[in-house]
Protein chains: 2
Amino acid sequence: MSPEPLTQARILEATEDVLRRYGPAKATVVDVARALGVSHGSVYRHFGSKAALREAVTGRWLDQSHAELSALADAEGPAEGRLRDWLAALFAAKRRKAGGDPELFATYMVLVGENSSTVERHIATMIEQLARIIEGGVEEGEFRPVEPTTAARAVWDASNRFHDPAYAAEWSQPEIETAFEAVCDLVVRGLHA
Amino acid sequence: MSPEPLTQARILEATEDVLRRYGPAKATVVDVARALGVSHGSVYRHFGSKAALREAVTGRWLDQSHAELSALADAEGPAEGRLRDWLAALFAAKRRKAGGDPELFATYMVLVGENSSTVERHIATMIEQLARIIEGGVEEGEFRPVEPTTAARAVWDASNRFHDPAYAAEWSQPEIETAFEAVCDLVVRGLHA
């Protein structure tokens, strides 16, 4: 029995624990309910299906660094600095996820493959943040007059070796820092007025 | 019995056929020898092991467009045009491979996963070609004074959505052309003096 009220946040926390313990193939809603000391009906009142629960936990994982990144996108100072800080913070967050708990990371890679619309929403949010930085740079005359969303998508694509989990195995290579700096330089200079 | 002499090229051709027919898990050297009408010993005289044969056929597939791309890297005219042509030709070649025979493409994806040193050699050749273009641009004063190999690696990384087979599923999306042009613009402008 659990004394705390059953919130979506607690269910998602428990779901991550269960996924870590049983793996994505075996984890069930009943396991999640048992971990919380509630009936599976109580879990279903918050998430209508196992698929909805898996989607929500995937979204939560993907969006972990949204707030930190959003603050960087809206920080003071020249757009170049904001863009560099944002890309570095994104890369750092991805490396923490991949390196900190490799098994959980592998689990989430399975979930990410199952929830393409959640992934698309995550990417759209990332590109919106980049577009805000670029738009500010264009307004200040620091960047050339590009269409912010198109340019943001190009920056996102150009930096994908440093945020797409498909490349996670390369993030611990010693030369990755140099490669990251070289791509950042290329991208920033490509935007400059 | 085969009237033609048994060359490496013929063996690799037959190996690709056998891989296409039986898939990478089942294809054997005996199948290749049978397709050629020779003993498996004759095949082993050219390729010392099944692994060596698989590696050679992977290298042949990866290097298919090397000559065409190398000619573009060494063409006349401004470096910007050469770089754009080279990136476009690489993307076109990759799309042909992925879209033309999707089953064979899937087969080669398995082989690519098995032969990381062959893949690394292929990438090193691609980066050398890019470095030649960039070095020419720097010499002519068209590009800013970058270290050609570092910049080439950055261009390679920045364009990977358009050549890394991990993204092959996206290459038939309608918006991919716009995305490709936007990344090319960013990269070219990022190099300009």
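In the nomenclature of an unreviewed UniProt entry, chain A corresponds to TetR/AcrR family transcriptional regulator from the organism Streptomyces luteoverticillatus.

### Details of the relation of the copies chain A and chain B
Its rotation angle being 180 degrees, the transformation that places chain A on chain B also includes 0.0 Å of axial translation and leaves an RMSD of 0.0 Å. These values place the two chain copies in the arrangement generated by a two-fold rotation axis. The overlap is high: 100% of the interface residues of chain A also sit at the interface in chain B, so the same surface is used on both sides.

### A few points about the interface of chain A and chain B
Contact with chain A, which involves 21 residues of that partner, is made by 21 residues of chain B. Carbon and sulfur atoms supply 62% of the area buried between chain A and chain B, which totals about 1,700 Å² over both sides. Taken together, the connections running from chain A to chain B amount to 2 salt bridges. Note that B:Arg161 is salt-bridged to A:Asp157, the shortest N-O span being 2.9 Å.

### Quick word on the UniProt feature "DNA-binding region" (unreviewed entry) in chain A
Mapped onto this numbering, the UniProt entry gives "DNA-binding region" (unreviewed entry) at residues 28-47 of chain A. As annotated, residues 28-47 of chain A comprises 75% helix and 0% strand, and the C-alpha atoms at either end are separated by 13 Å.

### Some details on the side chain of B:Arg144
Along the chain, B:Arg144 turns up in the loop between helix H8 (116-139) and helix H9 (148-158). For the buried B:Arg144, no salt bridge is present, and the opposite-charge side chain at shortest range is A:Asp185, 6.0 Å distant. Of note is the side chain of B:Arg144, whose polar atom sits 2.8 Å from the backbone oxygen of B:Gly190. If we ignore the near neighbours within four places in the chain, the residues touching B:Arg144 are A:Asp185, A:Leu186, A:Arg189, B:Val138, B:Gly190, B:Leu191, B:His192 and B:Ala193.

### Concerning the pattern of salt bridges
All names here are of chain B. For the structure shown, the criterion picks out 32 salt bridges over all chains. In this structure, Arg20 and Glu16 form a salt bridge, with 3.8 Å as the shortest nitrogen-oxygen distance. Placement of the pair is Arg20 and Glu16 together in helix H1 (residues 8-22), with a separation of 4 residues, close to one helical turn. Across the salt bridge formed by Asp17 and Arg20, the nearest N and O atoms sit 3.2 Å from each other. In this pair, Asp17 and Arg20 are both assigned in helix H1, 3 residues apart and thus about one turn of the helix distant. What makes Asp17 partly exposed here is its relative accessible area of 35%. According to the relative accessible area criterion, Arg20 is partly exposed, its value standing at 36%.

### Description of the domain arrangement of chain A
Interfaces are often sized by the accessible area lost when the parts come together. Residue and element names in this part refer to chain A. Its domain assignment divides chain A into domain 1 (8-48) and domain 2 (61-191). One C-alpha centre belongs to domain 1, the other to domain 2; they are set 31 Å apart. Each partner contributes to the roughly 540 Å² buried at the junction of domain 1 and domain 2, and carbon and sulfur atoms together form 62% of this total. Ranking the residues of domain 1 by area buried against domain 2 places Glu16, Arg20 and Pro24 at the top, with a combined share of 78%. Across the contact surface, domain 1 and domain 2 share 1 salt bridge. At the junction of domain 1 with domain 2, the criterion picks out 2 residue pairs in polar contact (both at pLDDT 80 or more). Among the residues making up the side of domain 1 that touches domain 2, the classes are represented as 2 nonpolar, no polar and 2 charged.

Definitions and limits used
Residues numbered from 1 in each chain as written. Chains lettered and ligands numbered in written order. Predicted model: local features only at pLDDT ≥ 70, side-chain atom pairs only at ≥ 80, totals over all residues. Heavy atoms only, no water. Least-squares fit on C-alpha atoms with pLDDT ≥ 70 in both. Contact = heavy atoms within 4.5 Å. Buried area = accessible area lost by both parts, 1.4 Å probe. Salt bridge = Lys/Arg side-chain N within 4 Å of Asp/Glu carboxyl O. UniProt positions renumbered as here; feature names shortened; annotations may be inferred. Helix = DSSP H or I, 4+ residues; strand = E, 2+ residues; numbered from the N terminus. Buried < 20%, exposed > 50% of the residue type's maximum accessible area, 1.4 Å probe, protein only. Lys, Arg positive; Asp, Glu negative; His and termini not counted. Polar contact = N/O pair within 3.5 Å; in protein donor to acceptor, adjacent residues only side chain to side chain. Domains from an automatic or database assignment. Nonpolar A, V, L, I, M, F, W, Y, C, P; charged D, E, K, R; others polar.

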